[in-house]
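Observations on the three-dimensional arrangement
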Amino acid sequence: MAEDDVPAADNDSVGSESFEPLEPTLQNVIDQTSLHWIFVGGKGGVGKTTTSCSLAVQLAKSRESVLLISTDPAHNLSDAFGQKFSKEATLVNGFTNLSAMEIDPTSSIQEMLAQSDQSGAMGSMMQDLAFAIPGVDEAMGFAEVMKQVQTMEYSVIIFDTAPTGHTLRFLSFPNVLEKALDKLSTLSGRFGPMFQQVSGMMGLNANQEDLTVKLQGMRAIITEVNKQFKDPDKTTFICVCISEFLSLYETERMIQELTTYEIDTHNIVVNQLLFPRKGSNCEHCLVRHKMQQKYLEQIYELYDDFHIVLMPLLTKEIRGTRDINEFSEMLVKPFVPPVYREEDEKQSENS
């Protein structure tokens with residue numbers, strides 16, 4: 001595939017000249033008060049954490065209670081806000097209705113094994129086995145989602161997700177678990193007597209009826225999560241990217257997958273856009289700006305029915321509540337890039 005060729009979006013409205021572009025902000029997300037779950041994701045290093053933190057700050061202005069959860073093994077929420085977060089929801093400094101937490105799959109698995117009284121060589125073996133399970137990070141993240149569904153103490157929950165592959169596996173978990181539990185329930189009913197005999201031989205106080213009840217309860221919760229994830233009134237996914245080929249390619253792949261999972265997505269945040277000042281003679285800036293504009297044009301062509309939010313590359317890091325609060329304003333107010341003309345580029349080349 002040529003570097004300039006990005007796969008066409010599966011979208012009936014692409015190429016429609018009469019289509020009016022949507023507002024280039026995330027105000028539509030703020031205004032949709034029915035939303036309970038908001039996922040923010042994209043390729044690694046495109047600014048997912050800054051975007052999710054900024055969105056959380058904006059939502060805190062209109063929602064009763066907001067929870068920001070990091071499901072990325074390489075947590076950045078603590079660095080972004082300049083405050084230590086853990087697996088327990090903690091109020092963000094300066095807020096009374098915004099909390100944050102970081103799910104650590106490793107410690108969650110260790111605690112789970114500790115609670116099951118697994119110690120010594122057997123415990124070590126069980127721990128190695130648990131860590132070897134593909135998708136364990138996503139599983140532990142999803143377990144936290146199920147807990148939140150049961151309590152739903154927050155009016156909206158935002159997920160700062162892991163890079164694309166992890167995120168897609170996380171979002172596919174409801175379907176996978178639902179099918180697995182259906183199978184387990186069937187097997188439990190079919191092999192119930194054998195299950196009790198084997199349990200007795202192994203000295204386990206297992207009860208088939210208790211197991212069946214637990215499976216049915218878990219399946220009910222997962223079914224509810226699955227239902228909410230597929231409801232565009234309750235769930236949406238915000239794609240974050242930068243104006244480069246690999247990021248755009250991965251964004252399109254992610255949008256296709258989200259469509260398969262029936263998860264709503266209609267917002268794209270394009271971060272780190274460079275706009276050289278008029279008359280700039282910085283060759284690097286001019287070349288990079290030209291490249292970014294080329295891919296930005298493709299983004300507009302592919303996603304003309306999306307809210308496309310432009311975020312400029314800043315000269316400083318976004319760290320601390322104050323910086324995030326300032327940066328967050330650009331998510332809800334249309335960014336107007338400075339006028340850039342080819343004449344400016346030619347002028348700088350001749351100077």
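Bear in mind that the values here come from a model prediction, so they are computed numbers and not experimental data.

Basis of the calculations
- Residues numbered from 1 in each chain as written.
- Predicted model: local features only at pLDDT ≥ 70, side-chain atom pairs only at ≥ 80, totals over all residues.
- Heavy atoms only, no water.
- Helix = DSSP H or I, 4+ residues; strand = E, 2+ residues; numbered from the N terminus.
- Buried < 20%, exposed > 50% of the residue type's maximum accessible area, 1.4 Å probe, protein only.
- Contact = heavy atoms within 4.5 Å.
- Areas by Shrake-Rupley, 256 points an atom, 1.4 Å probe, with all protein chains shown as cover.
- Salt bridge = Lys/Arg side-chain N within 4 Å of Asp/Glu carboxyl O.
- Pairing = 2+ DSSP bridges.
- Axes fitted to C-alpha atoms, helices over the stretch in contact; angles between N-to-C directions.
- Polar contact = N/O pair within 3.5 Å; in protein donor to acceptor, adjacent residues only side chain to side chain.
- UniProt positions renumbered as here; feature names shortened; annotations may be inferred.

Here we take up the overall build of the protein chain. Looking only at helices and strands, one finds 13 helices and eight strands in the protein chain. Looking at the protein chain as a whole, 46% of its 351 residues are labelled buried. Intrachain contacts of the protein chain at a sequence separation of at least 6 include 78% that bridge at least 24 residues. Summing over all exposed atoms, the protein chain offers an accessible surface of approximately 18400 Å²; the carbon and sulfur share of this is 53%.

Turning to the pattern of salt bridges, a few remarks are in order. In total, this model carries eight salt bridges according to the counting rule given. Put simply, K333 and E329 hold a salt bridge, and the shortest N to O gap is 3.5 Å. The class for K333 is exposed, based on a relative accessible area of 51%. Exposure remark for E329: the relative accessible area of 24% places this residue in the partly exposed category. Here the residues in one salt-bridge network are K316, R322, D323 and E326, joined through shared partners.

What follows deals with the sheet that holds strand β3 (residues 90-91). Across a sheet, paired strands are connected by hydrogen bonds in the backbone, their directions being either parallel or antiparallel. A sheet is described by the order of its strands in space; here eight strands give the open sequence β3-β4-β2-β5-β1-β6-β7-β8, paired in mixed fashion. The sheet terminates laterally at β3 and β8 (307-312), the two strands that pair on one side only. In this structure, strand β6 (residues 235-242) lies alongside strand β7 (residues 267-273), joined through five bridges in parallel fashion. Within the sheet, the bridge partner assigned to I238 lies in β7 and is N267. Where helix α10 (residues 245-260) meets the sheet, it contacts β1 (37-42), β6 and β7, and its direction lies at approximately 165 degrees from that of β6.

Within the secondary structure, N271 is located in strand β7. Since its relative accessible area comes to 5%, N271 is described here as buried. Here the side chain of N271 touches T51 through a polar contact of 3.3 Å, side chain to side chain. Among residues more than four places away in sequence, those in contact with N271 are V46, G47, T51, V240, C241, I242, S243, M311 and F327.

To continue, consider the pairing of strand β5 (residues 156-160). Burial analysis of β5 places five of its five residues in the buried class, the great majority of the element. Of the two faces of β5, both are covered, the one formed by V156, I158 and D160 as well as the one formed by I157 and F159. Pairing of β1 with β5, which is carried by four bridges, proceeds in the parallel orientation. When the bridges of β5 are listed, W37 appears paired with I157.

Moving on, we come to the UniProt feature "active site" (unreviewed entry) in the protein chain. Sites flagged by UniProt as "active site" (unreviewed entry) map to D72. The buried category is assigned to D72, whose relative accessible area is 10%.

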